[in-house]
Amino acid sequence: MAAPNPTEGELAILRVLWARRAPMTVREVHTELSRGKDTAYTTVLKMLTIMAEKGLVKRDESERSHTYLAMHAEPVVQRSLVKDLVRKAFGGSALDLVQRALDEDVASAEDLEQISKLIAQAKKARRNG
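Residues numbered from 1 in each chain as written. Predicted model: local features only at pLDDT ≥ 70, side-chain atom pairs only at ≥ 80, totals over all residues. Heavy atoms only, no water.

Trainee: Got a minute to help me understand the overall build of the protein chain in this structure?
Mentor: The helix and strand inventory of the protein chain stands at six helices and three strands. In sequence order, the protein chain lays out its α and β elements as α-β-α-α-β-β-α-α-α. Taken against the 2.2 N^0.38 rule, which gives 14 Å for 129 residues, the C-alpha radius of gyration of the protein chain at 18 Å runs more than 25% over that of a compact globule. Taken over the C-alpha atoms alone, the protein chain extends approximately 55 × 35 × 25 Å along its principal axes. Counting the 129 residues in the protein chain, one finds 23% classified as buried. Partitioning the contacts of the protein chain with sequence separation of at least 6, the portion at a separation of at least 24 is 46%. (Helix = DSSP H or I, 4+ residues; strand = E, 2+ residues; numbered from the N terminus. Rg over C-alpha atoms; globule rule 2.2 N^0.38 Å. Buried < 20%, exposed > 50% of the residue type's maximum accessible area, 1.4 Å probe, protein only. Contact = heavy atoms within 4.5 Å.)

Dropping the structure here:
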């Protein structure tokens, strides 16, 4: 199966599906999306149809109102997107990605502490693995 690489609009729909963690109808997805941005029902329907064709969502047609469920867990999609970003924008360098993220001053002191712990865990895993 190809790595999931959703568009920004598809990601918005996936976030709704991930938050619910249960199959949703087009109407339910539309209602949730419309809370943040005015979106036409037919647009949501078309996007879900395309997403089903791409393998991003699974469509259940057993009931009158079809339901949709994300095919990939959120971390799987995030890993795929980050891998693609690192390859395309940073020439494969994780160091450059992290440096640019830190240059933007978006990381709080707590974030930096957590990042330090993650780096220590990654180093330990590489030594032991």
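Okay, back to it.
Trainee: Is there a simple way to think about the sheet that holds strand β1 (residues 24-25) in this case?
Mentor: What links the strands of a sheet is backbone hydrogen bonding, and the strands pair in either a parallel or an antiparallel sense. With antiparallel pairing, the three strands of this open sheet are ordered in space as β1-β3-β2. The open sheet is flanked by β1 and β2 (57-60), the only strands paired with a single partner. Pairing of β2 with strand β3 (residues 67-70) involves four bridges; the strand directions are antiparallel. Along β3, the bridge assignment pairs Asp60 with Thr67. (Pairing = 2+ DSSP bridges.)

Trainee: When you look at the side chain of Thr25 in this model, what are you seeing that I'm missing?
Mentor: Note that Thr25 resides in strand β1. Apart from residues no more than four positions distant in its own chain, Thr25 is found in contact with Ser65, His66 and Thr67.

Trainee: In this structure, what is going on with the packing of helix α4 (residues 74-90) against helix α5 (residues 94-103)? I would like to understand it.
Mentor: Each pair of packed helices can be described by the angle between their axes along with the distance between the axes. In contact at an axis separation of 9 Å, α4 and α5 are set at 90 degrees when each is read in the N-to-C sense. Looking at the two axes, α4 sits roughly perpendicular to α5. Counting all contacts with α4, which are made through Val82, Leu85, Val86 and Phe90, the residues of α5 involved are Ala94, Asp96, Leu97 and Arg100. In the contact of α4 with α5, the residues fall into six nonpolar, no polar and two charged. (Axes fitted to C-alpha atoms, helices over the stretch in contact; angles between N-to-C directions. Parallel < 35°, antiparallel > 145°, perpendicular 65-115°, else oblique. Nonpolar A, V, L, I, M, F, W, Y, C, P; charged D, E, K, R; others polar.)

Trainee: Explain the pairing of β3 to me, please; I cannot follow it from the model alone.
Mentor: Looking down a regular strand, the side chains alternate between one sheet face and the other. The sheet contact formed by β1 and β3 spans two bridges and is antiparallel. Directly across from Met24, in β3, lies its bridge partner Tyr68. Taken together, β2 and the strand that follows it, β3, pair antiparallel across an intervening segment of six residues.

Trainee: Which parts of the structure should I look at to understand the layout of surface pockets?
Mentor: Unfilled space is identified by rolling a water-sized probe across the atoms. Of the pockets and cavities examined, the largest pocket occupies roughly 270 Å³. If you go around the largest pocket, the residues you meet are Ala94, Val98, Ala101, Leu102, Ala107, Ile115, Leu118, Ile119, Ala122, Lys123 and Arg126. Contributing elements (two or more residues each) for the lining of the largest pocket: α5 and α6 (109-128). Residues of the lining of the largest pocket, tallied by class, amount to nine nonpolar, no polar and two charged. Roughly 190 Å³ of volume is contained in the second largest pocket. Taken together, Glu8, Gly9, Ala12, Arg15, Leu33, Lys37, Thr39, Thr43 and Met47 make up the lining of the second largest pocket. At the level of elements, α1 (8-20) and α3 (41-54) are the ones that each hand at least two residues to the lining of the second largest pocket. If you tally residues by element for the lining of the second largest pocket, the top one is α1, at four residues. By residue class, the composition of the lining of the second largest pocket is three nonpolar, three polar and three charged. (1 Å grid on protein atoms, 1.4 Å probe; cavity = no way out; pocket = protein on both sides within 12 Å on 5 of 7 lines; lining within 4 Å. Points joined across faces, edges and corners; volume = space filled by probe spheres on them.)

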